[in-house]
Amino acid sequence: MNQLSHQIQLLRRPSGLPTQDDFSLQAVPLPPLQEGEVLVANQWLSVDPYMRGRMSEVKSYVPPFALNAPLEGGAIGTVQASRHPDFAVGDRVSSMQGWRDTFIAKPAQLTRLPATDLPPQRFLGALGMPGMTAWAGLHKVAQLQAGETVLVSAASGAVGTMVVQLAKRAGARVIGSTGSADKVAYLKTLGADAVINYKETPDLDAELARLAPDGIQVYFENVGGALLEAALNHMALHGRIVLCGLIEQYNSQGGASGPRNLSQIIRKRILLQGLLVSDHWQHYGDFLAEAIPAFEAGALQSEETVYEGLASMPQAFIGLFEGRNTGKMLVKLG
Ligand code: NDP
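Rules used in this analysis
- Residues numbered from 1 in each chain as written.
- Predicted model: local features only at pLDDT ≥ 70, side-chain atom pairs only at ≥ 80, totals over all residues.
- Heavy atoms only, no water.
- Axes fitted to C-alpha atoms, helices over the stretch in contact; angles between N-to-C directions.
- Helix = DSSP H or I, 4+ residues; strand = E, 2+ residues; numbered from the N terminus.
- Parallel < 35°, antiparallel > 145°, perpendicular 65-115°, else oblique.
- Left-handed = near helix turned anticlockwise from the far one by under 90°.
- Contact = heavy atoms within 4.5 Å.
- Nonpolar A, V, L, I, M, F, W, Y, C, P; charged D, E, K, R; others polar.
- 1 Å grid on protein atoms, 1.4 Å probe; cavity = no way out; pocket = protein on both sides within 12 Å on 5 of 7 lines; lining within 4 Å.
- Points joined across faces, edges and corners; volume = space filled by probe spheres on them.
- Domains from an automatic or database assignment.
- Near = heavy atom within 4 Å.
- Polar contact = N/O pair within 3.5 Å; in protein donor to acceptor, adjacent residues only side chain to side chain.
- Areas by Shrake-Rupley, 256 points an atom, 1.4 Å probe, with all protein chains shown as cover.
- Phe/Tyr/Trp six-rings, centres within 6.5 Å; stacked < 30°, edge-to-face > 60°.
- Buried < 20%, exposed > 50% of the residue type's maximum accessible area, 1.4 Å probe, protein only.
- Lys NZ or Arg CZ within 6 Å of the ring centre and 35° of its normal.

Caption draft 1: Representation of the packing of helix 5 (residues 204-211) against helix 6 (residues 226-234) in the model. Packing of helix 5 against helix 6 leaves a shortest axis separation of 9 Å and a crossing angle of 40°. Taken together, the axes of helix 5 and helix 6 lie oblique to each other. The interaxial crossing formed by helix 5 with helix 6 has right-handed handedness. Contacts between helix 5 and helix 6 involve Leu204, Asp205, Leu208 and Ala209 from the former and Ala226, Leu227, Ala230, Ala231, Asn233 and His234 from the latter. Across the contact of helix 5 with helix 6, the residue classes tally to seven nonpolar, two polar and one charged.

The structure is reproduced here in structure tokens:
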């Protein structure tokens, strides 16, 4: 009897905030392992906001997910059986074959994790794509300088927590924005100089005037909406905005509302640049060379929110839009 792969498939394209009914859990028989192939069992599945974009029909920088097929995403697993000389049973690998417990892969679909005793799942978060996004945005796009003031939205998430810490390491003053009192307290432990709870701050404009009286040099934008409009009013002359994400709009059905004060970009000669982490992947080794030793020495911290079991994957995904995670959102299998 063939081994079964349990996998979450997209049943229909979500309208607005996804619901459990948009997904189905299927058991699909795997074919026999062929020469040159590897059987992998996943232990950690990555849960990321960008997946929402791929659930829609709209063409973007990556094609939409197919219906009634396993969803894709970052994953860390272990080789269970191998018919390839480069992979042995027990090898730890990362892949884009998430949303499922087991899969068969060719070596080109697998990446070995760097040698370190740090927890493997960190390579889905602070040491993986989200951490690299923070590093590339600050250093390659914004060209952050010591002494500058950085504002970051969704500061308590996977990207945001790394933005806060990497900006502090670079000698910046950091203001974060997040959605709960617990997250405000957590960000202060990471070294944030000031934190806004945007849900409890009716006048964001006045709050930024108070917290950044000399202006914001770098705005690392993960959310969009009201904070973007307020931040534009408080950017410094020649400030830089890294447009990394607009999560506030990902489930929006009524069309996005743009900031009404784009004239600030002209007045202050602001540079606003979109960031796509994949454009910077050639620098991933540089990022790891800085970040792995810093984590090993305890100079960088990371937090995870972990849901248990493959069936919880849709709930963990929906939780991203409800602010249920601090740090990296993950699902643990097995
Ligand atoms: P996070 O870990 O930050 O999780 C999402 C967080 O966003 C939630 O915890 C919540 O925190 C906040 N949030 C959700 N909905 C809203 C809303 N309507 N208004 C305000 N805040 C909201 O996710 P990631 O770190 O993985 O991603 C952060 C951003 O970076 C996303 O926009 C993502 O798309 C983008 N990204 C872009 C990449 C690129 O290459 N351009 C690569 C990776 C990520 P809170 O409690 O604070 O509300």
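Caption draft 2: Quick look at empty space enclosed by the protein. If you walk through the whole model with that rule in mind, you get three cavities of 30 Å³ or more. Its volume calculated, the largest cavity comes out at about 50 Å³. In terms of lining, the largest cavity is formed by Gly125, Ala126, Ala158, Thr161, Met162, Gln165, Gln301, Ser302, Glu303, Gly327 and Lys328. The element that contributes the greatest number of residues to the lining of the largest cavity is helix 3 (residues 158-169), accounting for four residues. Among the residues making up the lining of the largest cavity, the classes are represented as three nonpolar, six polar and two charged. Each of two domains, domain 1 (4-125 + 303-332) and domain 2 (129-278), supplies a minimum of three residues to the lining of the largest cavity.

Caption draft 3: The arrangement of the site of the ligand in detail. By nearness alone, 27 residues border the ligand, and Lys183, Tyr198, Tyr250, Leu275 and Asn325 come closest of all. Within the backbone of Ala158, an N or O atom sits 2.8 Å from an oxygen atom of the ligand. Relative to its unbound accessible area of 900 Å², the ligand is 91% covered by the protein chains. Elements with a contribution of two residues or more to the shell around the ligand: helix 2 (129-141) and helix 3. Considering only residue class, the shell around the ligand consists of 16 nonpolar, nine polar and two charged. Residues from two domains meet in the shell around the ligand; each of domain 1 (4-125 + 303-332) and domain 2 (129-278) gives at least three.

Caption draft 4: Structural context of the packing of aromatic side chains. A complete count under the given rule lists seven aromatic pairs for this structure. Ring centres of Trp281 and Tyr284 lie 4.6 Å apart, and the angle between their planes is 15°; this geometry places the pair in the stacked category. With relative accessibility at 17%, the residue Tyr284 sits in the buried group. Clustering of aromatic rings is evident, with ring pairs tying together Phe23, Trp99, Phe317 and Phe321. One residue, Arg112, lies across the ring of Phe87, its end atom 4.4 Å from the ring centre.

Caption draft 5: Expanded view of the environment of His84. Among the structural elements, His84 can be located in the loop between strand 4 (75-82) and strand 5 (92-95). The spacing of His84 and Gly36 is 48 residues in sequence and 4.5 Å in space, taken between C-alpha atoms. Contact partners of His84, with chain neighbours within four places excluded, come to Gly36, Glu37, Val38 and Pro107. Separated by 3.0 Å, the side chain of His84 and the backbone nitrogen of Asp86 make a polar contact.

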